[in-house]
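# Results of the structural survey
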Amino acid sequence: MSHGSAFTSKLPDVGTTIFTVMSRRAMELGAVNVGQGFPDYPIDPDLSACVAEAVAAGFNQYAPMEGSVGLRAAIARKIVAAGGREVDPETELTVSCGGTESIYSAIQATVGPGDEAIVFDPSYDAYDPAVRLAGGRCIHIPLQAPQFRYDWDRVRATMSARTRLIIVNNPHNPACTVATARDLDELAALVRERGARDRPCYVLADEVYEHVQYDGRVHQSVIDHPGLRECSFAVYSFGKTLHITGWRVGYCVAPATLTRELRKVHQFNTFSIAAPLQEAIRLYLERHPDAWRQVAAFFGAKRDLLRARLEGSGLVLPPAQGSYFQLADFGALAGSPGLVDDDVRFAEKLINEAGVAVIPLSPFYREPPPGMRIVRLCVAKRDETLIEAARRIHEYANRRV
């Protein structure tokens, strides 16, 4: 007897992500892909050589569940070198399958049936499903375009006895904004107030773009904030820092009590991460201890290149403060013949008629603001890719006037 019709989905409204959809369409149409956030250029040959060296040295069996001892020690040294506090690699640091697994494991460790987690829209699409799978529900608070700043009074009014977790993304994908020291102070005050009158509330900080900040900005991390470090999970990714998104190596920093709970989920989820990749990253960090220091300038130059090439295209480009993305407002073009007001349809027309894949912003919202006219472009591409994408967008916009 077939039981297919009796199956009840835990995520009935979740389909294939917009990133996957647009990248697949880009491949089918031969479009220039400045949509999904992955580099299209080679990684450092020294890093490639480290993988071969790790395999030859015998790092081919299970790594420790919490991450290799050597890599965790190297990460702890990097945190201090970047101006952060000392982290105990044994009790406060866990290597995960990319940043996404750290996010998932932290949510499963924290949120239970009936709990609520606050997220800020536009929000990365991995947060809400993980909360729902834990039996909780997300409360979506919008950040208002074009500044995309936090309204902490609204957060305070939204918090309830059910609020278990607040998820922040800094630097923010897709808004490309950066949290300030005052933002962290406000967040700490909310968590402190909540803990004084009810059960504790925790913070999950997605900080995977920690080193991708522009114009002299300095990263504000929850692990360094005296009011947040004891109640926060902070998530990081070598995919972003070392241009290796396909390696899927990330890590989570949290106080020992929270790390113990995260590892309970992690050990029955991915258990351990690819041993040769962990050793390769350790070797690379040992030989290139300042590699992360080059990231902001590297992506900053690409941001500036794309912005310069799109000048005069009719797109309005708010300056990206962080992340390796750039937002573009096509509102000025919306009245042109053949163009549309809807960002999803604009992205569809752009890939079909201009051969350029971008990501619309509205799928990052629970309830998109009416008349959303913003799309996201990724600058983590070869200069030639960015130049060609801009050329095609210019040509497309000129055809519409």
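Up top is the structure.
A brief look at the structure comes next. (Residues numbered from 1 in each chain as written. Predicted model: local features only at pLDDT ≥ 70, side-chain atom pairs only at ≥ 80, totals over all residues. Heavy atoms only, no water.)

### Some words on the overall build of the chain
Looking only at helices and strands, the chain features 13 helices and 12 strands. Expected size for 401 residues packed as a compact globule is a radius of gyration near 21 Å; at 21 Å, the chain falls within 12% of this value. Summarising its shape, the C-alpha atoms of the chain cover approximately 60 × 60 × 55 Å along the three principal directions. Counting only residues that meet the buried cut, the chain has 56% of its 401 residues in that class. (Helix = DSSP H or I, 4+ residues; strand = E, 2+ residues; numbered from the N terminus. Rg over C-alpha atoms; globule rule 2.2 N^0.38 Å. Buried < 20%, exposed > 50% of the residue type's maximum accessible area, 1.4 Å probe, protein only.)

### Thoughts on the sheet that holds strand E4 (residues 137-142)
An order of E2-E8-E7-E6-E5-E3-E4 is seen for the 7 strands of this open sheet, with the pairing classed as mixed. Across the chains shown, the open sheet's two edge strands, defined by having one partner strand only, are strand E2 (93-97) and E4. Sheet twist, expressed as the average angle between the axes of neighbouring strands with direction ignored, equals 25°. Where strand E3 (residues 116-121) meets strand E5 (residues 163-169), 3 bridges bridge the pair, whose relative direction is parallel. In the sheet register, alanine 117 faces E5, and the bridge partner there is leucine 165. Helix-sheet contacts for helix H3 (residues 69-81) involve E2 and strand E8 (249-253), and the interaxial angle to E2 is about 110°. Lying on the sheet, helix H9 (residues 256-266) is in contact with E2, strand E6 (202-206), strand E7 (232-237) and E8; it crosses E2 at an angle near 25°. (Pairing = 2+ DSSP bridges. Axes fitted to C-alpha atoms, helices over the stretch in contact; angles between N-to-C directions. Contact = heavy atoms within 4.5 Å.)

### Topic: the sheet that holds strand E11 (residues 359-360)
The strands that make up a sheet pair up through hydrogen bonds in the backbone, lying either parallel or antiparallel. If you walk across this open sheet you meet the 3 strands as E9-E12-E11, and the pairing is antiparallel. Either end of the sheet is taken by a strand with one partner, and the two such strands are strand E9 (325-329) and E11.

### Digging into the environment of alanine 109
Here alanine 109 shows up in helix H4 (residues 98-110). Among the residues examined, alanine 109 registers a relative accessible area of 26% and is labelled partly exposed. When the C-alpha positions of alanine 109 and alanine 134 are compared, they lie 8.6 Å apart, and in sequence the two are 25 residues distant. Residues contacting alanine 109, with those up to four places away along its chain left out, are Glu261, Leu262 and Val265.

### Observations concerning the packing of aromatic side chains
Under the definition given, this model contains 14 aromatic pairs. With a centroid separation of 5.9 Å and 70° between ring planes, the pair formed by phenylalanine 120 and tryptophan 152 is classed as edge-to-face. Taken as a pair, phenylalanine 120 in strand E3 and tryptophan 152 in helix H6 (residues 152-158) lie far apart in primary sequence, 32 residues in all. On the basis of an interplanar angle of 75° and a centroid distance of 5.2 Å, the ring pair of tyrosine 209 and tyrosine 324 is categorised as edge-to-face. One end of the pair, tyrosine 209, is in the loop between E6 and E7; the other, tyrosine 324, is in the loop between helix H11 (295-310) and E9, and 115 residues separate them in sequence. Directly above the ring of tryptophan 292 sits lysine 78, whose terminal nitrogen or CZ lies 5.8 Å from the centroid. The lysine or arginine in question, arginine 376, covers the ring of phenylalanine 325, its NZ or CZ lying 3.7 Å from the ring centre. (Phe/Tyr/Trp six-rings, centres within 6.5 Å; stacked < 30°, edge-to-face > 60°. Lys NZ or Arg CZ within 6 Å of the ring centre and 35° of its normal.)

### A look at the pattern of salt bridges
This structure, assessed with the given rule, holds 32 salt bridges. In this structure, the salt-bridge partner of aspartate 13 is arginine 132, at a minimum N-O distance of 2.6 Å. A residue pair is termed long-range when its members are at least 10 positions apart, and aspartate 13 in the segment before helix H1 (18-29) and arginine 132 in helix H5 (residues 127-133) qualify at 119 residues. Classification of aspartate 13 as exposed rests on a relative accessible area of 56%. (Salt bridge = Lys/Arg side-chain N within 4 Å of Asp/Glu carboxyl O.)

### Observations regarding the pairing of E6
It is a general feature of regular strands that their side chains alternate between the two faces of the sheet. Counting buried positions along E6 yields 5 of 5 residues, so the element is predominantly enclosed. Because side chains alternate across E6, one face comprises the buried residues Tyr202, Leu204 and Asp206, and the other comprises Val203 and Ala205, equally buried. Sheet topology places E5 next to E6; 5 bridges connect them, and they run parallel. Looking at the pairing, isoleucine 166 lines up with valine 203 of E6. With helix H7 (residues 181-197) bridging E5 and the parallel E6, this β-α-β connection has right-handed handedness. Summarising the sheet, E6 and E7 pair through 4 bridges and their orientation is parallel. Residue aspartate 206 lies in a different strand from E7, and its bridge partner there is valine 235. (Right-handed = clockwise from strand over helix to strand, strands pointing away.)

### Focus on the pairing of E2
For E2, a buried count of 4 out of 5 residues is recorded, marking the element as mostly surrounded by other parts of the structure. Bridge count for E2 against E8 is 5 bridges, and the pairing is antiparallel. Bridging across to E8, serine 96 finds its partner in glycine 250.

### Looking at H3
The α-helix advances 3.6 residues per turn, and as a result positions three or four apart in sequence lie on the same side. Spanning 13 residues, H3 covers 19 Å between terminal C-alpha atoms, matching the ideal 18 Å at 1.5 Å per step. Burial in H3 covers these residues: Leu71, Arg72, Ala74, Ile75, Ala76, Lys78 and Ile79. For H3, the elements touching its buried residues are E2, helix H8 (238-241), E8, H9 and helix H10 (275-287). Directly after H3, the chain includes glycine 83, whose backbone phi takes a positive value near 95°. (Expected span 1.5 Å × (residues − 1).)

### Quick word on H10
Taking 1.5 Å as the rise per residue, H10 with 13 residues should run 18 Å; its terminal C-alpha atoms sit 19 Å apart, in good agreement. Within H10, 11 of the 13 residues are buried, which leaves the element mostly enclosed by the surrounding structure. Taken as a whole, H10 has its buried residues at Ala275, Pro276, Leu277, Gln278, Glu279, Ala280, Ile281, Arg282, Leu283, Tyr284 and Leu285. On its buried side, H10 packs onto helix H2 (45-56), H3, E2, H8 and E8.

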